[in-house]
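Secondary and tertiary structure notes
Below, each chain spelled out in residue letters.
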Amino acid sequence: EDRLKRKVAAGEKGNTNSNLADVVTPATADAAFEDRLKRKAAAGGEDKTNTNLSDVVAAATSDAAFEDRLKRKAGGSANKDISTSTKKIGVVLASKDEGMVPENQAHPEEIAFPLNRAAVHFAEPRLEPIRENLPSDVESGSNKMEPNAVSDLAFDSNRQSVGTDGGDIQGGQNGQQSRSSARHSIMSSAISMINASVRVATEYLATATLVEENEVELGEVVVAERVGIFERKWKAFASFFCFVLVAIVGALIMIPALTKNKEEKMGPTPTDVPSMLPSSSPSFDPRPTLEIVQERGHVRCGQRRGSNNPVMCRAVASVLFGDPNRFKTFTVLPGEYQHLHKRSVDLITAARSTIENDVRESTTGSGFTFSSPYLHDNIVYAGHEFFVQCAEERNRHGECSSLIICRAGCHCGIDVVQSRFPSSFTITAPGNELAEMLFNSTCNVVTTSKSNLFGESVIKLSDENNSNVFVGDNPIADNSFGLVTRKDDKEFSDIINWVVTALIYGEEHGLKNDPSNCQNYTSLPVQTPDLNFMNAVYCVGNYEWIMDYSIRQHLLDPDTRSQINNGTSGMLYAIPFNGLSGAAASNEDSDALNVIKKRQLNCGVTIPDSFDGVITSSKKLVGMSVDYCKALAAAIFSGSPDQVNVTAFSQNDGFVALNNGVIDVLAGAKVEKKYDFANPSLNLEGFDFSSAYYYGNETVGEDLSIFALATREDDAGFSSFVNCIVWATLHAQEKSIRREESMNMPLLPWFGQDFEWALRDVINHIGSYDQLYEKHFGLISSEERGRNRLNDGGPLVNSIPGLSH
C-alpha cells in the first residue's frame, strides 16, 4: 500500500485523492477480477490515475494449488521464496517469420528487443493476489535483483508498474527521485534477464510472447538444444556419401580389368609330370573358345590317365597353332566334368560317351559335346577265376556267397552291375584303386574297362603277388571314348571333332607324319575355315599310329572296333544310355520344344534330284526319313505322330529352309564339313547332326555318304532331344525291343514330365531299327545291308566327307 501510494503520488497524471479504502477491499469474486483486468489492459499505455485501484489490488485468499503453481513456474528452486511472486511469465517461442500469441489473448502489449533480429513480445499480465514482505533489495531501491524476480514483474514499453503486498502508503514527493531510480533499476535488470534467457535461441527462434499462466497447458519441461550441423545439413552429407560409395564401387569393378595381366603367349614344352589344375576365373569370358585359347598361347588339355599319352593334345595344338607343343596337360580325375564345366581345361581326352553325359551329366547338371569315338573298349569282370565265373553267371549263393565285386566309380557299367547284384555284394571305388583292392583281398572281382584292367598298376601288382588276373570272356557293357568339350561353344566342339576326323582321314588315304608339311602359321587363323586340319596328321601322325602308340603305352588289349570300316560290317552303334542317375530337368531346357508343342512340328525331308513321287508314301531312304519325322512328332505330342507338316527339299534348299526357321528339323540331311561349320558362300550358319541312321556303300578312300537328322545350333537342348529319337531305334534293336514291347524302353528323365515317355512313344510308332529298315527296304541279307546294321564288334571307324589333302 505504501508503494502504491507513492506511485499514485509520482504519476504524471496521478490522482492523489484516490479512495485508498478501495485498494484494500478484498475481492469477492474471481469473475469481477478478470473483468477489471481486461479493462486495465484496454487502457493501453495511457496513465489512468482515476482507475479504481481497489479492483486491481484486491486481495485474494491463498490456497495450496496457487502455491504449487507458483513453485512450478519458478523452476522448482527450493531456496526461493515463492510467496513474493506476484505473477508468472509464460513464454511461447515462435518462428522467425511469425509470433505465436494465444488466441484467447485479445490485446497483447509488445516490447521489441534488438537481440540478433529476434523480438520478445509480452502480453499484458494479469495481477495475481499480492503477498507480504517484498524483498529488501527492492524495498531499498537496490540495482540488484534476484533471477526469479523477473517473473514477479509486469511492465510494458511506456510504463513500469510494480505491485507489492498490502500495507500503509509510505513517503511522498521528496522520495520520488529515489523511487524512480529504483523502478528504472528493476526495469533494467528485468530486461537483462530476459535478454540472457533468449540469447541462446535467438539464432533460430524469432519471438517470445508473454502469456497468462492459465493459458499454457502444464506439462513436461523440455530444454531446447542447439541443432547440430549434421542434422541441419543432412541432405548435403547424404549426397556426398552416396557419391563416395558409387566411386568406390566403380573403382572395385574397374581395378581387376585394368590390372589383369595377359597370360603368357607361348605355352611351355610339355613334360611327363602333369601340372596342377589352373583356377577358373570367377566369371566366364564370353568370347569364342578359339579366340581365348589362341590369345592364351596354348590349349589346356585334361587327361584321365596323366600326361604319358599326350598324342591327342599334340594333334589339337597342331591344328590351333601350327605347333604340336603348344599345349599343357592336366590330370582331371576325379571330377573330370566339373573341371571342364568350370573352364579349368578346354577339353578332355578319352572321355566316356553316353546319352546321359550328352544331355545332362550327373555331377554338373550340364550336357557336353563328344567327338566321334576314336577308342572303343569293353567292360568286363576280372579277378579270381572262380568268382569271375560266379559274377558272369549271376550266382551269389553257396560257394559264390563270398563274392565281393569292386566297381569303378566313373559310371563305367555301374548301372549294369546295380541291375545284376544287391548292394551288399558290391563296393564302389576309384578306378585307379581297383587293382590294389583286388590284391589286398578287399574284393575278389573287379569290373571296369579293359584299358584300366591292363594298365601298368595291374601288371605290376600281378607280378609282385605272383598271381594272374583272370579276365572274363563275356563283356557286360560297351565303352566308347572321344574328345569332349563344353556345349556352349559349338564351333570349338566342331573343330575338335574335325581333328579326330583328320586323323582317320589320314589313315584312310595313307598319310603319315611329315614335318615338311607341318604348317607353322605365320599368323594365327581367326576363322575356322582357315584352320589346317591336316596338321594333325603331318605334325603328329595318323589314326593308326596314334592307336598303336596308345596300345603300347597302356598295354591295351586291341579292340577290333577301333579300326577303319571298309563296308563289310555294321556301322550302327547305340552309345550307352547310363540314365539311372540323371535328374529330371525342367521344360525350359529347350525353348524349341515348348514352342513346337504349342503348334505343330515342321519337318523337312531331303529328296534326290530325280525324285518325282509322293514323300509320305515313299520307300527306302526318303520313306525312312519321313517316318523319323513322325516318330519325332510322337515323342513331342504324347504319342501322336500326325502333329507334323512334312515338306520335301533338295539338299541345299533343305539347309536354307532350316537356317531360316521355315522348318524345325531336316531329315535325310547329309553330314558334311560344309554344313557343319558356318558357310558364308551359302549364307548358312553351322548345323548340328544326330547319330547317323543310314550309310552309303562307298569304299574306303571315297567320301562316305552319311545321313542324319539336322537341327540348328541355337538350341542345344532340342538337338539332344532329336538325337535321342534316332538313338531309341538303335537301342531297341540292341536290346531286342520290338514295337509291341515299347514299354520296355527306358524313361527319358532330362526334359521334364511332358517328355518322359518320348522313347516309348517313338518305338510304339516305328518299332526298332530293323523293323523300320525292313518296312522301307524289305527283307535283305546282312551282307547286302552293308554298314546299315547294328555293329557286332567289327570295325567302327570312318571319316566324314569334306577334307582334302
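For clarity, every value in this text was computed on a predicted model and none was experimentally measured.

Conventions used here
Residues numbered from 1 in each chain as written. Predicted model: local features only at pLDDT ≥ 70, side-chain atom pairs only at ≥ 80, totals over all residues. Heavy atoms only, no water. Helix = DSSP H or I, 4+ residues; strand = E, 2+ residues; numbered from the N terminus. Buried < 20%, exposed > 50% of the residue type's maximum accessible area, 1.4 Å probe, protein only. Areas by Shrake-Rupley, 256 points an atom, 1.4 Å probe, with all protein chains shown as cover. Axes fitted to C-alpha atoms, helices over the stretch in contact; angles between N-to-C directions. Parallel < 35°, antiparallel > 145°, perpendicular 65-115°, else oblique. Left-handed = near helix turned anticlockwise from the far one by under 90°. Contact = heavy atoms within 4.5 Å. Nonpolar A, V, L, I, M, F, W, Y, C, P; charged D, E, K, R; others polar. Phe/Tyr/Trp six-rings, centres within 6.5 Å; stacked < 30°, edge-to-face > 60°. Lys NZ or Arg CZ within 6 Å of the ring centre and 35° of its normal. Core = buried A, V, L, I, M, F, W, Y, C linked by side-chain atoms within 4.5 Å. Disulfide = S-S within 2.5 Å. pLDDT = per-residue confidence, 0-100. Right-handed = clockwise from strand over helix to strand, strands pointing away. Pairing = 2+ DSSP bridges. Salt bridge = Lys/Arg side-chain N within 4 Å of Asp/Glu carboxyl O. Patch = residues over 30% accessible without salt bridge, like charges linked within 9 Å, V, L, I, M, F, W, Y side chains within 5 Å.

Each helix and strand in the protein was counted, giving 29 helices and 21 strands. Considering the protein as a whole, with its 805 residues, one finds that 49% of them fall into the buried category. Per element, the accessible surface of the protein, about 39700 Å² overall, is 50% carbon and sulfur.

As a further point, take the packing of helix H11 (residues 311-321) against helix H19 (residues 490-508). It is at 10 Å that the axes of H11 and H19 come closest, and there the two elements cross at 115 degrees. One way to sum up the angle between H11 and H19 is to call them roughly perpendicular. Viewed along their axes, H11 and H19 form a crossing whose handedness is right-handed. Here H11 contributes Met312, Ala315, Val316, Val319 and Leu320 to the contact with H19, which in turn contributes Phe492, Ile495, Ile496, Val499, Val500 and Leu503. Residues belonging to the contact of H11 with H19 are distributed by class as follows: 11 nonpolar, no polar and no charged.

Following the criterion strictly, the structure yields 17 aromatic pairs and no others. Between phenylalanine 655 and phenylalanine 689, the ring centres sit 6.3 Å apart and the planes meet at 65 degrees, which makes this aromatic pair edge-to-face. Taken together, the residues phenylalanine 655 in helix H24 (residues 651-659) and phenylalanine 689 in strand S19 (residues 687-689) connect sequence positions 34 residues apart. Considering the side-chain rings of tyrosine 694 and phenylalanine 777, the 5.5 Å spacing of their centres and the 10 degrees angle between planes classify their relative orientation as stacked. With a gap of 83 residues between them, tyrosine 694 in strand S20 (residues 694-695) and phenylalanine 777 in helix H28 (residues 769-777) connect regions that are remote in the sequence. Through successive ring pairs, a cluster of aromatic residues spans Tyr694, Phe707, Tyr769, Tyr773 and Phe777. Above the face of the tryptophan 757 ring, arginine 760 is positioned so that its terminal group lies 5.0 Å from the ring centre. The lysine or arginine in question, arginine 785, covers the ring of tyrosine 773, its NZ or CZ lying 4.3 Å from the ring centre.

What follows deals with the environment of tyrosine 573. Mapped onto the secondary structure, tyrosine 573 falls in the loop between helix H21 (543-554) and helix H22 (591-597). Using a relative accessible area of 14% as the deciding quantity, one classes tyrosine 573 as buried. Along the primary structure tyrosine 573 and tyrosine 693 are separated by 120 residues, whereas in three dimensions their C-alpha atoms are 9.6 Å apart. With residues near it in sequence (within four places) discarded, tyrosine 573 still touches His376, Asp478, Asn479, Ser480, Arg561, Leu730 and Leu796.

What follows deals with the nonpolar core. Formed by 126 residues in total, the largest nonpolar core has its most connected members in Phe533, Leu601, Tyr628, Tyr693 and Phe721. Top contributing element to this core by residue count: helix H23 (residues 620-636), with 11 residues. Phenylalanine 533 has contacts with Val319, Ile495, Trp498, Val499, Ala502, Thr528, Lys673, Phe677 and Leu803, leaving out every residue within four places of it along the chain. If you look at the next biggest cluster of nonpolar residues, it comprises 14 residues, including Tyr381, Ile405, Val416 and Phe425.

A word on the state of the cysteines. Scanning the entire structure with this criterion turns up 5 disulfides. Between the sulfur of cysteine 406 and that of cysteine 443 lies a disulfide, 2.2 Å long from S to S. Linking cysteine 406 and cysteine 443, the disulfide has an S-S dihedral of approximately -120 degrees and is accordingly described as left-handed. Placement of the pair is cysteine 406 in strand S11 (residues 405-408) and cysteine 443 in the loop between helix H16 (434-439) and strand S13 (445-449), with a sequence separation of 37 residues.

Mean pLDDT over the protein works out to 75, with 62% of the residues at or above the 70 mark. Low pLDDT, under 50, characterises residues 260-274; the stretch is placed with 26 contacts to residues that sit more than four places away or in other chains.

With that settled, the discussion passes to the pairing of strand S16 (residues 601-606). By the criterion of burial, S16 is predominantly enclosed, with 5 of the 6 residues buried. Taken together, S16, H23 and strand S17 (residues 644-649) constitute a β-α-β crossover, and its handedness is right-handed. In this sheet, strand S18 (residues 665-670) lies alongside S16 in parallel orientation, the contact comprising 3 bridges. Counterpart to valine 605 in the pairing with S18 is alanine 667.

Here we take up the pattern of salt bridges. Per the stated rule, a full pass over the model turns up 16 salt bridges. In this structure, arginine 287 engages glutamate 295 in a salt bridge whose closest nitrogen and oxygen atoms are separated by 2.9 Å. Residue classification places glutamate 295 among the partly exposed residues on the basis of a relative accessible area of 34%. Note that glutamate 713 is salt-bridged to lysine 490, the shortest N-O span being 3.8 Å. Here glutamate 713 is found in the loop between strand S21 (706-712) and helix H26 (716-734), whereas its partner lysine 490 is found in helix H19, with 223 residues between them in sequence. Taking the relative accessible area as the measure of exposure, glutamate 713 reaches 27% and is therefore partly exposed. Classification of lysine 490 by relative accessible area gives buried; the value is 15%. What emerges from the salt-bridge pattern is a single network uniting Asp285, Arg287, Glu291 and Glu295.

Take the environment of lysine 673 next. As for its position among the elements, lysine 673 is in helix H25 (residues 673-676). Expressed as a C-alpha distance, the spacing of lysine 673 and glycine 802, which sit 129 residues apart in the sequence, is 4.8 Å. With sequence-adjacent residues up to four places away left out, lysine 673 is seen in contact with Trp498, Phe533, Pro801, Gly802 and Leu803.

Before going further, it helps to examine the packing of H23 against helix H27 (residues 758-766). It is the contact of H23 with H27, at a shortest axis distance of 8 Å, that shows an interaxial angle of 140 degrees. Judged by the inter-axis angle, H23 sits oblique to H27. For the pair H23 and H27, the crossing hand works out as right-handed. In contact with Asp627, Tyr628, Lys630, Ala631, Ala634 and Ala635 of H23, H27 contributes Ala758, Asp761, Val762, His765 and Ile766. Its residues assigned to classes, the contact of H23 with H27 comprises 7 nonpolar, 1 polar and 3 charged.

A cluster of nonpolar side chains, contributed by Leu245, Val249 and Ile253, occupies part of the molecular surface with about 290 Å² of accessible area. The topology assignment puts valine 249 in helix H9 (residues 234-259). By relative accessible area, which is 40% here, valine 249 ends up partly exposed.

So, on to H11. Within H11, 10 of the 11 residues are buried, which leaves it mostly tucked inside the rest of the structure. Buried within H11 are the following residues: Val311, Met312, Cys313, Ala315, Val316, Ala317, Ser318, Val319, Leu320 and Phe321. Just downstream of H11 lies glycine 322, where phi reads positive at about 75 degrees.

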